[in-house]
Amino acid sequence: MSDLIVCTPKRLPQELRVAAAQRSLAINPANQPLPAIAARALGSGDERGRERLSLLVGARWPSSGVKLTVGFVDAPPADLRTRIILHMNAWGKSANVAFVASASDPKIRIARHDHPAEMSGYWSYVGTQILSIPDDQPTMNLQAFTMDTPESEFRRVVRHETGHTLGFPHEHMRRQLVAKIDPDKAIAYFGLTQGWTPDEVREQVLTALEDSSLLATAHADTHSIMCYQIPGSLTRNGKPIIGGKDIDKRDYAFAASCYPKPSH
């Protein structure tokens, strides 16, 4: 497998976005963007304004904690199901987070699709958005994962995708890190290695998240499990963005701040 985590957080179909944003706000009012940002998005207040605003609404679960059921689309063997859920629960080391297997109406539904193209690869819907996905469709994909997949891949891929399910965006899309990337080189690289169009590269790598709409650490974490490894050949100064291969200390601390464990 490539040394580069290439994951595409799924975007909800346009017709589901406004309702999903309303649901997200009902689940956790802290998902509301700052008033100035919301006002700019709404503009004239027409339907297009509501659509723009829906894209800025967060997708975090309640700060009281997260307990989500997990099912599998293609009935993989029991030892693989157990191993995947074990790595998902790594986030529970610091945070009030738990994932439990369920064959009945699981909220997280994991597939291992390798086709068609739009269903293949590594991806997850983000946070509360999984609740808007029809019950017969996956919310996460771990293409071709088996018990023969190296342990290192379980750590960096399963834990990364679970971070998205918890509502965490890509760390490399923080403004501090996007500024380091040469757009032309990135478009050429991801076009060649991933088959992405220039617009897809701009969306997934080159468009910085709005700082004022983020609940995030003060500084971008280049070792975060949520950060791509960006080769030095793509940066303006020739130095790589290291990226993360496992949940690091800042990730654990941030998860704990979002979903603190109850004090005893």
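Above this note sits the structure.
Participant: Can you lay out the sheet that holds strand S3 (residues 108-111) for me, pointing to particular residues and giving the numbers?
Facilitator: Spatially, the five strands line up as an open sheet ordered S2-S1-S3-S5-S4, and their pairing is mixed. Each end of this open sheet is capped by a strand with a single partner; those strands are strand S2 (97-101) and strand S4 (122-124). Between one strand axis and the next, the sheet turns through 25° on average, direction left out of account. Alignment of strand S1 (residues 66-72) against S3, held across three bridges, turns out to be parallel. Bridging across to S3, Val70 finds its partner in Ile108. Here helix H4 (residues 78-88) sits on the sheet and contacts S1, S2, S3 and strand S5 (140-142); the angle it forms with S1, its principal contact strand, is near 155°. Strands S1, S2, S3, S4 and S5 of the sheet are contacted by helix H5 (residues 151-165), whose axis makes an angle of about 25° with S4.

Participant: Give me the pairing of S2: which residues, what numbers.
Facilitator: The pairing of S1 with S2 spans five bridges and is classified as parallel. Looking across to S2, one finds that Thr69 is bridged to Val100. Between S1 and its parallel partner S2, the chain crosses via H4, and the hand of that crossover is right-handed.

Participant: Explain H4 to me, using residue names and the numbers behind them.
Facilitator: Listing the buried residues of H4 in full gives Leu80, Arg83, Ile84, Ile85, His87 and Met88. Taken together, the buried residues of H4 touch S1, S2, S3, S5 and H5.

Participant: Break down the packing of H4 against H5 for me, citing the residues and quoting the values.
Facilitator: Look at H4 against H5: their axes get within 8 Å of each other, and the N-to-C directions meet at 60°. Judged on the interaxial angle alone, H5 and H4 are oblique. The crossing of H4 and H5 is right-handed. Of the residues in H5, those in contact with Leu80, Arg83, Ile84, His87 and Met88 of H4 are Glu151, Phe154, Arg155, Val158, Arg159 and Thr162. Residues of the contact of H4 with H5, tallied by class, amount to five nonpolar, two polar and four charged.

Participant: Explain the pattern of salt bridges residue by residue, including any values.
Facilitator: Overall, the coordinates contain 10 salt bridges when judged by the stated rule. Across the salt bridge formed by Arg83 and Glu151, the nearest N and O atoms sit 3.0 Å from each other. Taken together, the residues Arg83 in helix H4 and Glu151 in helix H5 connect sequence positions 68 residues apart. On the accessibility criterion, Arg83 (15% relative accessible area) is buried. Accessibility expressed as a relative area gives 35% for Glu151, which makes it partly exposed. Arg174 is the partner of Glu171 in a salt bridge, and the nearest nitrogen-oxygen pair spans 3.1 Å. When sorted by exposure, Glu171 lands in the same class as Arg174, which is buried. In this structure, a network of salt bridges that share partners links the residues Arg83, Glu151, Arg155, Arg159 and Asp246.

Participant: Now, about the packing of aromatic side chains: what can you tell me, with residues and values included?
Facilitator: Scanning all chains against the criterion turns up nine aromatic pairs. A centroid spacing of 5.9 Å and a plane angle of 75° characterise the contact between Tyr122 and Phe145, whose relative ring orientation is edge-to-face. Of this pair, Tyr122 sits in strand S4 while Phe145 sits in the loop between S5 and H5, placing them 23 residues apart in sequence. Ring centres 5.8 Å apart and planes at 80° place the aromatic pair Trp123 and Tyr125 in the edge-to-face group. According to the relative accessible area criterion, Tyr125 is buried, its value standing at 9%. Counting every residue linked through ring pairs, the aromatic cluster contains Trp91, Phe168, Phe254 and Tyr259.

Criteria and thresholds
- Residues numbered from 1 in each chain as written.
- Predicted model: local features only at pLDDT ≥ 70, side-chain atom pairs only at ≥ 80, totals over all residues.
- Heavy atoms only, no water.
- Pairing = 2+ DSSP bridges.
- Helix = DSSP H or I, 4+ residues; strand = E, 2+ residues; numbered from the N terminus.
- Axes fitted to C-alpha atoms, helices over the stretch in contact; angles between N-to-C directions.
- Contact = heavy atoms within 4.5 Å.
- Right-handed = clockwise from strand over helix to strand, strands pointing away.
- Buried < 20%, exposed > 50% of the residue type's maximum accessible area, 1.4 Å probe, protein only.
- Parallel < 35°, antiparallel > 145°, perpendicular 65-115°, else oblique.
- Left-handed = near helix turned anticlockwise from the far one by under 90°.
- Nonpolar A, V, L, I, M, F, W, Y, C, P; charged D, E, K, R; others polar.
- Salt bridge = Lys/Arg side-chain N within 4 Å of Asp/Glu carboxyl O.
- Phe/Tyr/Trp six-rings, centres within 6.5 Å; stacked < 30°, edge-to-face > 60°.

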